[in-house]
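This is what each chain is made of:
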Protein chains: 4
Amino acid sequence: MIVVMSAGATEEQILSAQKAIRALGFKDHRIGGEERTVVAVLGHIYPELQDELGTIDGVDSVVRISKPFKLASREVHPHNTVVRIGNLAIGDGSVVMMGGPCSVDTEENVLECAHAVKAGGGHLLRGGAYKPRSSPYAFRGHGEKGLQILATAREATGLPVITEVMDARDVDLVARYADILQIGARNMQNFTLLDEVGKAGRPVLLKRGLSGTIEEWLLAAEYILSHGNRDVILCERGIRTFETATRNTFDVNAIPLVKRLSHLPVIGDPSHATGKWYLVEPVGLAAVVSGADGLIVEVHPNPDHALSDGAQSLTPENWKKLVDKTAVIAAAMGRSMAVDAWENEAARKAS
Amino acid sequence: MIVVMSAGATEEQILSAQKAIRALGFKDHRIGGEERTVVAVLGHIYPELQDELGTIDGVDSVVRISKPFKLASREVHPHNTVVRIGNLAIGDGSVVMMGGPCSVDTEENVLECAHAVKAGGGHLLRGGAYKPRSSPYAFRGHGEKGLQILATAREATGLPVITEVMDARDVDLVARYADILQIGARNMQNFTLLDEVGKAGRPVLLKRGLSGTIEEWLLAAEYILSHGNRDVILCERGIRTFETATRNTFDVNAIPLVKRLSHLPVIGDPSHATGKWYLVEPVGLAAVVSGADGLIVEVHPNPDHALSDGAQSLTPENWKKLVDKTAVIAAAMGRSMAVDAWENEAARKAS
Amino acid sequence: MIVVMSAGATEEQILSAQKAIRALGFKDHRIGGEERTVVAVLGHIYPELQDELGTIDGVDSVVRISKPFKLASREVHPHNTVVRIGNLAIGDGSVVMMGGPCSVDTEENVLECAHAVKAGGGHLLRGGAYKPRSSPYAFRGHGEKGLQILATAREATGLPVITEVMDARDVDLVARYADILQIGARNMQNFTLLDEVGKAGRPVLLKRGLSGTIEEWLLAAEYILSHGNRDVILCERGIRTFETATRNTFDVNAIPLVKRLSHLPVIGDPSHATGKWYLVEPVGLAAVVSGADGLIVEVHPNPDHALSDGAQSLTPENWKKLVDKTAVIAAAMGRSMAVDAWENEAARKAS
Amino acid sequence: MIVVMSAGATEEQILSAQKAIRALGFKDHRIGGEERTVVAVLGHIYPELQDELGTIDGVDSVVRISKPFKLASREVHPHNTVVRIGNLAIGDGSVVMMGGPCSVDTEENVLECAHAVKAGGGHLLRGGAYKPRSSPYAFRGHGEKGLQILATAREATGLPVITEVMDARDVDLVARYADILQIGARNMQNFTLLDEVGKAGRPVLLKRGLSGTIEEWLLAAEYILSHGNRDVILCERGIRTFETATRNTFDVNAIPLVKRLSHLPVIGDPSHATGKWYLVEPVGLAAVVSGADGLIVEVHPNPDHALSDGAQSLTPENWKKLVDKTAVIAAAMGRSMAVDAWENEAARKAS
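Residue positions are given per chain, counted from 1 along the sequence in the order it is written. For naming, the first written chain is A and the first written ligand is 1, with later ones following in the order written. For this predicted model, a pLDDT threshold of at least 70 governs which residues receive local features, and a threshold of 80 or more governs which side-chain atom pairs are given and counted, while totals over whole chains, interfaces and linings are taken from all residues. Side-chain descriptors were evaluated using all non-hydrogen atoms of the structure, hydrogens and water having been removed beforehand.

**Some points on the overall build of chain A**
This is how the line gets drawn: Numbered from the N terminus, helices here are DSSP runs of H or I no shorter than four residues, and strands are runs of E no shorter than two. Only protein chains enter the accessibility calculation, which uses a 1.4 Å probe; a residue whose area is less than 20% of its type maximum is buried, one above 50% is exposed, and one in between is partly exposed. Contact definition: two residues touch when any of their heavy atoms are within 4.5 Å.
Summing up its helical and strand segments, chain A has 12 helices and 14 strands in all. C-alpha extents for chain A along the principal axes are approximately 75 × 45 × 35 Å. Put simply, chain A has 351 residues, and 65% of those count as buried. Here the contacts in chain A between residues at least 6 apart in sequence split such that 68% fall between residues at least 24 apart.

**Description of the sheet that holds strand β1 (residues 2-5) of chain D**
Across a sheet, strands are paired by hydrogen bonds formed along the backbone, either parallel or antiparallel in direction. Residues and elements named next belong to chain D. Defined as follows: The rule for pairing is simple: two strands pair if DSSP sees at least two bridges between them. Note on geometry: axes are C-alpha line fits, over the in-contact stretch for helices, and angles between N-to-C directions span 0 to 180 degrees.
Pairing within the open sheet is antiparallel, and its four strands lie in the order β2-β3-β1-β4. Strand pairing shows two members of the sheet lacking a second neighbour, β2 (27-32) and β4 (59-63), which therefore form its edges. The average undirected angle you get between the axes of adjacent strands in this sheet is 20 degrees. Two elements, β1 and β4, share four bridges in a ladder whose sense is antiparallel. The residue of β4 that forms the bridge with V4 is S61. Together, β1, β2 and β3 (37-42) form the strand contacts of helix α1 (residues 11-23), whose direction differs from that of β2 by roughly 155 degrees.

**Remarks on the relation of the copies chain B and chain A**
Spelled out, the test is: Residues reaching a pLDDT of at least 70 in both copies supply the C-alpha atoms on which the copies are superposed by least squares.
Once turned by 180 degrees and shifted 0.0 Å along the axis, chain B lies on chain A with an RMSD of 0.0 Å. What we have between these two chains is a two-fold relation. Every residue of chain B has its C-alpha some distance from the rotation axis, and the shortest such distance is that of B:S211, at 3.0 Å.

**A word on the relation of the copies chain D and chain C**
Relative to chain C, chain D is turned by 180 degrees and slid 0.0 Å along the rotation axis, the superposed coordinates differing by an RMSD of 0.0 Å. A shared interface surface links the copies, since 100% of the contact residues of chain D are contact residues in chain C too.

**Some remarks on the confidence of the model for chain A**
Using the following cut-off: A score from 0 to 100, pLDDT tells how confident the predictor is in each residue.
Per-residue confidence for chain A averages 93 on the pLDDT scale, and 98% of its residues sit at or above 70. Scored as a complex, the prediction yields pTM 0.94 and ipTM 0.93.

**As for the nonpolar core**
So the rule is basically this: Each nonpolar core is a collection of buried residues, namely Ala, Val, Leu, Ile, Met, Phe, Trp, Tyr and Cys, held together in the definition by side-chain atoms within 4.5 Å.
Counting 301 residues, the largest nonpolar core has A:L206, B:L181, B:L206, C:L181, C:L206 and D:L206 as its most contacted members. Each residue touching B:L206, except ones within four places of it in the same chain, is listed here: B:I183, B:M188, B:L194, B:W217, B:A220, B:A221, B:I224, B:I233, B:L234 and B:C235.

**Remarks on the pattern of salt bridges**
What counts, and what does not: Throughout this description, the term salt bridge denotes a Lys or Arg side-chain nitrogen within 4 Å of a carboxyl oxygen of Asp or Glu.
In the structure shown here, the tally under the stated rule is 100 salt bridges over all chains. Here D:K67 makes a salt bridge to A:D60, at a shortest N to O gap of 3.0 Å. Placement of D:K67 in the loop between β4 and β5 (83-85) and of A:D60 in strand β4 (residues 59-63) is noted, with the two residues assigned to different chains. Given the relative accessible area of 18%, D:K67 is considered buried. Overlapping salt bridges bring together A:E35, A:R36, D:K70 and D:E75 as one network.

**What about the packing of helix α7 (residues 214-225) of chain D against helix α8 (residues 254-261) of chain D?**
All names here are of chain D. Short version of the rule: Angular relationships are summarised with four words: roughly parallel below 35 degrees, roughly antiparallel beyond 145, roughly perpendicular across 65 to 115, and oblique for the angles in between. What makes a crossing left-handed is the near helix being turned counterclockwise from the far one by less than a right angle; a clockwise turn instead makes it right-handed.
The interhelical angle for the contact between α7 and α8, taken along N-to-C directions, is 50 degrees, at an axis separation of 11 Å. As the angle between them shows, α7 and α8 are arranged oblique. Crossing angle aside, the handedness with which α7 passes α8 is right-handed. Contact residues: α7 offers I214, W217 and L218, while α8 offers A254, L257, V258 and L261.

**Focus: the environment of C:I90**
All names here are of chain C. Among the structural elements, I90 can be located in strand β6 (residues 88-90). Residue classification places I90 among the buried positions, given a relative accessible area of 0%. Each C-alpha atom of the pair I90 and R208 lies 18 Å from the other, and the pair is 118 residues apart in sequence. With residues up to four places along the chain from it excluded, the contact list for I90 reads T81, V82, V83, V96, M98, I180, I233, P265 and I267.

**Let's talk about the packing of helix α3 (residues 107-119) of chain D against helix α4 (residues 144-157) of chain D**
Residue and element names in this part refer to chain D. Filter applied, for reference: Note on residue categories: nonpolar means Ala, Val, Leu, Ile, Met, Phe, Trp, Tyr, Cys or Pro, charged means Asp, Glu, Lys or Arg, and polar means any other residue, Gly included.
Running from amino to carboxyl end, α3 crosses α4 at an angle of 40 degrees, the nearest separation of the two axes being 9 Å. Taken as axis vectors, α3 and α4 run oblique relative to one another. Seen along the crossing, α3 lies across α4 with a hand that is right-handed. Mapping the contact onto sequence places E107, V110, L111, A114, H115 and K118 in α3 and I149, L150, T152, A153, A156 and T157 in α4. Across the contact of α3 with α4, the residue classes tally to seven nonpolar, three polar and two charged.

**Examining the interface of chain D and chain C**
As a reminder of what qualifies: Throughout, the accessible surface (probe 1.4 Å) given up by two parts as they are put together, summed over both, is called the buried area. Pairs of N or O atoms are called polar contacts if they sit within 3.5 Å, as long as, within protein, a hydrogen donor faces a hydrogen acceptor (for residues adjacent in sequence, only side-chain-to-side-chain pairs).
Tallying the contact residues gives 47 residues for chain D and 47 residues for chain C. Here chain D and chain C share an interface that buries about 4,200 Å² over both sides, 48% of which is from carbon and sulfur atoms. Of all residues in chain D, D:E48, D:Y137 and D:R169 bury the most surface against chain C, accounting for 13% of the area lost on that side. On inspection of chain D and its partner chain C, the count reaches six salt bridges. Counting across the interface, chain D meets chain C through 19 residue pairs in polar contact (both at pLDDT 80 or more).

**Let's talk about the interface of chain B and chain A**
Listed as interface residues are 47 residues of chain B and, on the opposing side, 47 residues of chain A. Summed over the shared surface of chain B and chain A, the number is six salt bridges. Put simply, chain B and chain A have 19 residue pairs in polar contact (both at pLDDT 80 or more) between them. Grouping the constituent residues of the side of chain B that touches chain A by class yields 19 nonpolar, 12 polar and 16 charged.

**With respect to the pairing of strand β3 (residues 37-42) of chain B**
Looking along a regular strand, one sees the side chains alternate between the two faces of the sheet. Residue and element names in this part refer to chain B. Counting buried residues in β3 gives six out of six residues, a clear majority hidden from the surface. Where burial is concerned, the two faces of β3 agree: the one with T37, V39 and V41 and the one with V38, A40 and L42 are both buried. Relative to β3, strand β1 (residues 2-5) runs antiparallel, the two being bridged by three bridges. The residue bridging I2 from the neighbouring strand is A40, located in β3. Pairing geometry for strand β2 (residues 27-32) and β3, over six bridges, is antiparallel. Paired with K27 across the strands is L42, a residue of β3.

**What to know about helix α1 (residues 11-23) of chain C**
Residue and element names in this part refer to chain C. In plain terms, the rule: Multiplying 1.5 Å by the residue count of a helix minus one yields the expected span of that helix. Working note: the arc is built from the helix axis to C-beta atom directions.
For α1, with 13 residues, the first-to-last C-alpha span of 18 Å sits near the 18 Å given by 1.5 Å per residue. Where α1 is concerned, the buried positions are I14, A17, Q18 and I21. The arc that holds the buried residues of α1, viewed along the axis, is 100 degrees, so those residues lie on one side. Of the exposed residues in α1, those oriented more than 90 degrees away from the buried face are E12, K19 and A23. Next to the buried residues of α1 lie β1 (2-5), β2 (27-32), β3 (37-42) and α2 (49-54).

**Comments concerning the sheet that holds β1(B)**
Residue and element names in this part refer to chain B. Across the sheet, four strands lie side by side as β2-β3-β1-β4; this open sheet has antiparallel pairing. A strand with exactly one partner marks an edge of an open sheet, and here the two such strands are β2 and β4 (59-63). Neighbour-to-neighbour, the strand axes of this sheet turn through a mean angle of 20 degrees, independent of strand direction. In the packing of helix α1 (residues 11-23) onto the sheet, contacts are made with β1, β2 and β3, and the angle to β2 comes to roughly 155 degrees.

So, in structure tokens, the structure goes:
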């Protein structure tokens, strides 16, 4: 950390700041500039130190130098994390396609959708049994019944299942049904939930919060990693900005930047990032070409009657088109599409 | 709702949109404009309808007309909600001052701080036993031990206690110790937590999320209200914007706007909204003069050594100055300061 | 326009609003909903009407239905605009590569850079003779001398030149030297400058403002188009958001959305959108794959010593790599790279 | 400046960075931390240096320490700047009230409005002869005829006039009519315009841009100051954020922060900051109580028929109420209202 003194700080104030730094157990290193003095603080820095030093008389500001995340950091762990579900690998350079309805409604619809996802070339089935909704009057998901429907669809198609968990009390239950636990954008900083999925023994897909900085997102991953769960997948799903022509703004910059800062896989979610089905394909391809390890997309056989988020769901035809174009782009970049998780149901049950 | 057709929509598309509206059980009402046709949708509208209608062929956009919150709305409930704790009333026009440390550390410090809050003219003691922290390596609060310290401080000073609850599993525990449950900014859309505090039988102070719109904030209040808990207090604590010179941007516009849209009391939090102790007084006064029912402020006897957020804490001297100036401004506006919750310990125990 | 009355509006207020609408020369059309009454306003709507109607007693809000831009709108002009400079076509489906230094410094450097841009496969030379700089103490460009250097580089390489004009007084001068006039992000709403370039007889590349909405951006294009200049090229260069890990946030959603809303070509600027040279390639490819008609990129033979923006400039090697990868991606999508503007110097002079 | 090396930087990279710093004429000062090495750069730092040093191999980031504005800085110039127009002082602790129509329409209306502003207790007349408008089809002001109307209104009421200049070519003309030149939000970084008003010999009110950081705003002031014009007045008018319930978000934090960072007067504009007349009073009072030197407010005798921005204009009655309440709040804080610029017309002509 660097303590920047005010331009008008007195010698006494500078000495007293240095003394305070030493009193907290750090080494101080003073440098006199043209305009003002700065004091470098050396030792095992913790983030709160910034606030503590900021209140000392004559201090203008305190600048952090080291990165606050370690386990998620590529500087510390240079090799890519690869999350495996059967034969399917997420983060090994191949492109993974996750599709499915926003909400789980009826078994019939979910099965139809799962078969369409599979037929179109998908690798995982997504679907919400628990739905975060802005309004208490909106449909909030079928809960365990929804989880059972997803499990039925997995059995019928061989697609592993990813679904959201919203409440720390439901983690065990959801983990019994799901292959990947999803943490939604609104829960990126629900720290007690992060603690629980850190202990759940299942891979976790961590969506970036609506106003989560890249640093906060990686720190949220750090929560999960710090409990020993190494299988964290990041998901960029758009941030909230002043632009209202789309539901959110897909931060495509974040894809290659996070791949550089961290060893964790990154998935793009063009459905929530745009809120418009006709933007899903171009933005999805943009995510892949900029380095994403895959996409998670809303698919619905009959988007007009989806229980939620119809406007951003792809039809099975458009889903297949997206997968096919993604494969073309991936091939052009020397990447391949991911492989299926299991060869057959027996292999899945054995896994 | 108003369904806006594309400028080039065909007659067939318009008719088919009207048919779809009727099929969903609504009345349709078509209006032909200079440039395009719109169809008004009449009936008991639900929010998802917007997405559902948006996917119909030839539809350009769907515009919502009615407000999605009802119980929180002044249109529906014109009279101010007043939350009472003993004799203390929040929302009756008087100005309530809540102060205390960011985190509960030692009993000695909290007691010293509580006495300073009381001596300076405060009405409630704030303090975090559970702390949401961006980093898993930061101090996260003392939990129940912290709650006990707060209870001790209440007994010593007669100040009611407000403290944050972060996890649905802790609601009952925290409600046993606290007079007001606080929902933090990061949990504004933690819907299962909102459900629980809606049933907790305690007033709830609901902080606005970092990127929560005013509508989403009122919808979050609606969650709590919909469980029968009428004692919801809103708290503006700054939103996240592009400006980094302050920790957040205090949305002072929101104070009078929310007072107009809703009957619920609104409190300003200038400490988190600015992140700098020397901005707390001017921004706090701004909140009150624009209509806030009170302030919640970080106070620490010795800000240099606070376990968190030292840079934004007031010393007891500055806290007293803030209360005194607030009283002067309140008086100039014909408002008074709030009264103490209880006359004495016996009254509190009897309450 | 739709005038939405308050839920509690009286019959008298509704009638008086209808009367006001008719007094302004519009037709009114009243619709009674479950909760509130709305009045559709029919006729030749102008944007200020929204504010005028919003002040009427009993009116809750006024909702705009029609789009405020016409000449820029694909609804009105369905066919793609193609901007031509010699044989080079921008907007015909091919991919155009514009490269060059941020600032024009010495003739020697610019020539070296121009040759590298050409050798790497570029189609246009960019470079700033007038530089908008946040600080009055920063280098602000060489002005006309810089324009002359650019003209020399064009002669030496056959690359058409694009350069920024910041002041309405300089439009004629810059138009004498440049093949395309650039309007920078900070001037997107410098309306008198937009008026002047609308009359300059040169194609205009219009950068999106740091906080310009897509609608405001298309309205800024409308200013230029309304003076009879049809050769407007849009340029997405990143918007300002809360995220500070990158200089700006590249709004990749905007690329396909603007291609849908407007017939104008769209160029991506990954250099300013990211501020980091190592993000230029992935974000540039993302722009192209999502539908951009080309890229504008900072290239500098020796980025360490660039007069401005060194951190975001590509070396000639990285520029060539970007062009080559762009060509691969374009081919995978069935698109080709653009062709050179002129076969030789004689052709250019004759043009 | 502090050059932060990557955690994995080699000794060779560090030495080569130090060499580069010395080659640019600066002193280097190396500090080895627990995790990484940093190198302090000493000498006369210029802002571009940050980008230049950022491209050196092995450098992770470069942190700026010194503030880029000098003439606008309170550290350098501790005493408040007071701008004087006749007897009226802006920045001396008194509260100045500026009111008037958004656009200058007819002489009759402007005179009526000016008398109302004066009668209500105002000190200056505002009004736009040149109007920045998002759409080319909106009313853009009467130009010089509008300036003449403003001059007539000044003669009739004795109120000095403040009006916007949008084009460098109009500065001399506007300066002949206006007592204060206004730079609008969209032109905060129109640097050639800033240069011109820096030489115009008139006080300048500089509005903060929609997405202008506080630092950029003070740097824009620095442009004007650097030409020798010391009479710069800052104006906070709301920033663009994700919140759409109000036109902009009034950044009340900025008022006391800018008063601390700079010696220049600061005015609040609650009309544009909110876009709703009923929020003008509470937000205006908030600006004053947090330290603003005055307010600039839209007033219109008949807001329903204003040529622009009717929804945010106060009636004369509400203007008077605002002035009266402001006086009460000012008095409560020990501040007084400003005095009139001139005792009578003769005094004005003599000034």
